[in-house]
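This is what each chain is made of:
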Amino acid sequence: MSEVTMPRPAAPEQPVGAAAAWGRVGLLLSGQGISLIGDQVFFIAAMWAAAQLGGTVGVTWVTLAESVPRALAMIFGGVLCDAFGPRVVLLRTTGVRIVVLATAVGVAMTAQSVALLVVVAGLEGLLLGLGSPSFGTLLPRMVSGDRLGTANSIRSMVGGFAPILGSPFGAWLVATGHLSVALAVVCGGCVVSWLCLAPSTRSIDVPRTASTVPLWRRSGDGVKLLLANQKLRLLFLSGLCLDFAFAWPMNPGLPEVIIRRGWHVYAVGLLIACWAAGALVSAGLGALLGQRIPLSFALVGSSFGIAVLLSGMILAPSLPLMALLAVLLGVCSGQNAPAAVTLYQKASPPDQLGAAMSMLSLAGIGCAPVAYAICGLIASLSSPSVAWFCSALIAFGGPLAAARALQVHRAEQS
């Protein structure tokens with residue numbers, strides 16, 4: 001009887017050697033890094049252009065236009081990832097982003113308005129929301145579990161380059177009136193990301209078991225996971241507190257504080273770059289030292305540092321001191337994010353990783369509209385500095401939830 005050779009599915013750790021697997025990770029993260037630089041350019045350019053064209057109201061409209069569709073899309077993005085696979089979702093959403101941004105470049109060359117920024121920000125938010133959960137599932141599929149922490153640290157380190165390079169460039173472009181060039185940079189970053197994404201994720205297959213449940217009815221899978229898994233729930237709550245506290249101060253709040261204090265637009269780029277530099281160095285140490293860094297420090301200690309330093313930044317009377325605190329804030333962020341994400345990914349069911357990551361992404365992005373609305377109201381009734389400090393106080397819930405999650409994790413390991 002002849003032996004029938006069945007085609008073997010491509011698994012994330014088995015078909016190739018470790019060197020080839022890390023090569024694919026490097027290509028993937030290189031493309032993401034270029035794309036994130038473009039995204040940071042767009043953020044700085046859009047926020048400052050909106051402030052110039054429409055003041056505080058313009059900034060609020062642009063930030064809400066980006067954050068609300070992104071938050072809503074993330075719920076379905078995780079479902080799409082689990083149903084069709086992350087590769088399919090990411091290639092299509094990135095392709096549509098290229099078309100949208102190329103069109104926006106042509107429009108911006110002839111006319112610039114808050115309406116244009118709102119439309120572009122809304123479409124960008126929608127597409128990024130659909131794709132973000134899928135990207136969060138790639139590394140667990142590409143590297144083995146014991147190296148996942150290193151891979152997430154490298155990803156965080158790559159992401160740290162984006163504000164360092166993109167923020168000053170974006171500030172310079174908008175200061176000189178080149179909004180169309182800023183949009184072109186974002187479009188170019190998406191093209192590079194697509195070209196790196198296609199070959200690096202070729203071995204990631206689509207799911208082999210199709211669910212009979214309609215996609216719209218599966219939109220609550222992420223919530224069900226959090227309700228059923230205490231560790232996931234606590235890690236989600238920790239991230240929610242920290243991300244809520246970050247949302248307004250480090251996005252629309254920062255330009256408003258800088259304008260109120262009479263500093264130049266370049267101060268926005270400087271502070272974001274300082275935060276990113278600290279995160280970059282810290283993530284690099286995390287990738288180098290790996291599990292030699294105690295989880296109690298990387299997860300709990302860093303989240304407490306984030307709460308303290310974010311509160312201290314707004315109390316700093318000068319730009320140099322504020323920049324120093326931003327660096328230290330970045331150091332804590334560079335430790336916290338990879339540790340929390342890795343622990344969260346390992347605790348998630350493999351067949352529902354997309355739904356799980358959509359909830360974690362929602363903690364970071366979905367809370368932004370609420371934070372913008374609440375802190376924007378506080379800022380209008382008092383001042384941007386008061387709104388910043390009130391937002392920063394919420395961050396202290398992060399280390400409390402993280403400490404409890406660490407207790408649950410250690411109980412499971414014992």
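This text goes with the structure placed above it.
Residues numbered from 1 in each chain as written. Predicted model: local features only at pLDDT ≥ 70, side-chain atom pairs only at ≥ 80, totals over all residues. Heavy atoms only, no water.

Asks: Explain the side chain of Q335 to me, and be specific about the residues and the numbers.
Replies: Note that Q335 resides in helix α12 (residues 319-347). Judged by relative accessible area, which is 8%, Q335 ranks as buried. Leave out the neighbours within four places in its chain, and Q335 touches S282, G286, I293, F297, A298 and S302. (Helix = DSSP H or I, 4+ residues; strand = E, 2+ residues; numbered from the N terminus. Buried < 20%, exposed > 50% of the residue type's maximum accessible area, 1.4 Å probe, protein only. Contact = heavy atoms within 4.5 Å.)

Asks: Any details on the packing of aromatic side chains? Residues and values, ideally.
Replies: For the coordinates displayed, the defined rule picks out two aromatic pairs. Consider the rings of F304 and F396, whose centres lie 6.2 Å apart with planes at 70°: the pair is edge-to-face. Here F396 lies in the loop between α15 (384-393) and α16 (397-413) and F304 lies in helix α11 (residues 295-315), a separation of 92 residues in the sequence. Look at F304 and you get partly exposed, because its relative accessible area is 46%. (Phe/Tyr/Trp six-rings, centres within 6.5 Å; stacked < 30°, edge-to-face > 60°.)

Asks: I'd like a rundown of the nonpolar core, residues and numbers included.
Replies: Grouped together as the largest cluster of nonpolar side chains are 70 residues, with contacts concentrated most on L183 and W388. The element that contributes the greatest number of residues to this core is helix α1 (residues 18-84), accounting for 14 residues. When sequence neighbours within four positions are dropped, the list of residues in contact with L183 reads F42, L101, A104, V105, A108 and V120. Listed in part, the 26 residues of the second largest apolar core include L226, V300, Y344 and L353. (Core = buried A, V, L, I, M, F, W, Y, C linked by side-chain atoms within 4.5 Å.)

Asks: An account of the environment of L80 is needed here, citing residue identities and associated values.
Replies: Take L80: it is sitting in helix α1. For L80, a relative accessible area of 23% puts it in the partly exposed group. Placed 20 residues apart in sequence, L80 and V100 show a C-alpha to C-alpha distance of 21 Å.

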